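# Structure assessment
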Amino acid sequence: MKNNYIIIGDSITYGIGDFKSGGYSTMFKNFIVNKDDSKICNNLVHVVGFPGDTSNDILNKLDNILDSFIHDEFDNIIILSIGINDTQEFNGNYKTSVNKYKSNIEIIAKKITDKGFSLIILGLTRIESDKKFLWKPNKYYDNSVIFEYDTELEKLCRENKIKYIPMQDVLQKKDFIDGLHPNQNGHKKIFERIKEYTNE
């Protein structure tokens with residue numbers, strides 16, 4: 001079976017925090033590519049990460065992404081990781097309400113499956129502290145809010161029979177470079193969880 005993976009997400013997908021290995025997406029790409037015994041690529045992995053993006057941003061870019069990376073001779077698989085930035089609190093308001101986030105994910109999922117892609121959704125990772133974490137002036141992240149969004153995400157996936165990979169228990173305090181982004185060890189833990197759940 002020939003798989004064409006497209007990993008879509010935000011700065012964590014892009015690899016920020018892991019300056020040596022390039023993040024969990026690059027680890028996954030290297031793992032998949034190195035499984036091939038010949039110079040012919042039997043599997044493809046594309047990393048499409050946009051630092052700072054929310055589900056709104058990904059939704060606006062999605063058609064172009066799908067059209068750019070679909071491959072007729074492969075099984076096309078999207079790994080989607082988006083939502084941490086949606087939970088960001090700025091001056092007392094969330095970037096994206098939980099209901100809007102759910103609606104965006106539902107639309108994204110439908111667009112993906114309607115074009116013949118399989119879909120895997122990664123759950124939201126935690127931040128370093130259980131307290132509100134000040135990222136930039138007036139911008140906060142809160143694990144309790146992240147957990148709320150992730151709970152709704154898991155429920156949506158269950159109801160729509162979408163493969164969901166839980167991430168709430170993966171990262172510990174020692175696994176962050178700045179409180180928000182995983183360090184190399186944190187990215188490795190995410191990669192190992194994806195490998196486990198995809199049976200790769």
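Preceding block: the structure.
None of the values given here were measured: they were computed from a predicted structure.

## Remarks on the sheet that holds strand β9 (residues 163-165)
With parallel pairing, the five strands of this open sheet are ordered in space as β2-β1-β3-β6-β9. With partners counted over all chains shown, the strands left at the sheet margins are β2 (44-49) and β9, one partner each. Across this sheet, the average inter-strand angle for adjacent strands is 20 degrees, counted without regard to direction. With four bridges connecting them, strand β3 (residues 75-81) and strand β6 (residues 118-122) associate as parallel partners. Note on β6: the bridge partner recorded for isoleucine 77 is serine 118. Its contacts with the sheet put helix α4 (residues 98-114) on β3 and β6, and the angle it makes with β6 is roughly 150 degrees.

## Structural notes on empty space enclosed by the protein
Summed over all chains, the structure comprises two cavities of 30 Å³ or more. A volume near 100 Å³ is recorded for the largest cavity. Lining the largest cavity are 13 residues, and of these Ile12, Ser81, Gly123, Leu124 and Thr125 sit closest to its centre. Split by residue class, the lining of the largest cavity holds eight nonpolar, four polar and one charged. Roughly 30 Å³ of internal volume is contained in the second largest cavity. Tallied by class, residues from the lining of the second largest cavity come to three nonpolar, three polar and one charged.

## Overview of the environment of glutamine 172
Tracing the backbone shows glutamine 172 in the loop between β9 and α6 (184-198). Note: C-alpha distance between glutamine 172 and glycine 186 (14 residues apart in sequence) is 8.0 Å.

## A few points about the environment of tyrosine 141
When you line up the elements, tyrosine 141 lands in strand β8 (residues 139-141). On the basis of relative accessibility, which here comes to 1%, the residue tyrosine 141 falls in the buried class. Put simply, tyrosine 141 and glycine 179 are 38 residues apart on the chain and 9.7 Å apart in space, counted from C-alpha to C-alpha. Not counting chain neighbours up to four residues away, the residues in contact with tyrosine 141 comprise Ile84, Asn85, Thr87, Gln88, Ile127, Lys131, Lys132, Phe133, Trp135 and Leu180. Here glutamine 88 takes part through its side chain, which lies 2.8 Å from a polar atom of the side chain of tyrosine 141.

Reading guide: rules and limits
Residues numbered from 1 in each chain as written. Predicted model: local features only at pLDDT ≥ 70, side-chain atom pairs only at ≥ 80, totals over all residues. Heavy atoms only, no water. Pairing = 2+ DSSP bridges. Helix = DSSP H or I, 4+ residues; strand = E, 2+ residues; numbered from the N terminus. Axes fitted to C-alpha atoms, helices over the stretch in contact; angles between N-to-C directions. Contact = heavy atoms within 4.5 Å. 1 Å grid on protein atoms, 1.4 Å probe; cavity = no way out; pocket = protein on both sides within 12 Å on 5 of 7 lines; lining within 4 Å. Points joined across faces, edges and corners; volume = space filled by probe spheres on them. Nonpolar A, V, L, I, M, F, W, Y, C, P; charged D, E, K, R; others polar. Buried < 20%, exposed > 50% of the residue type's maximum accessible area, 1.4 Å probe, protein only. Polar contact = N/O pair within 3.5 Å; in protein donor to acceptor, adjacent residues only side chain to side chain.

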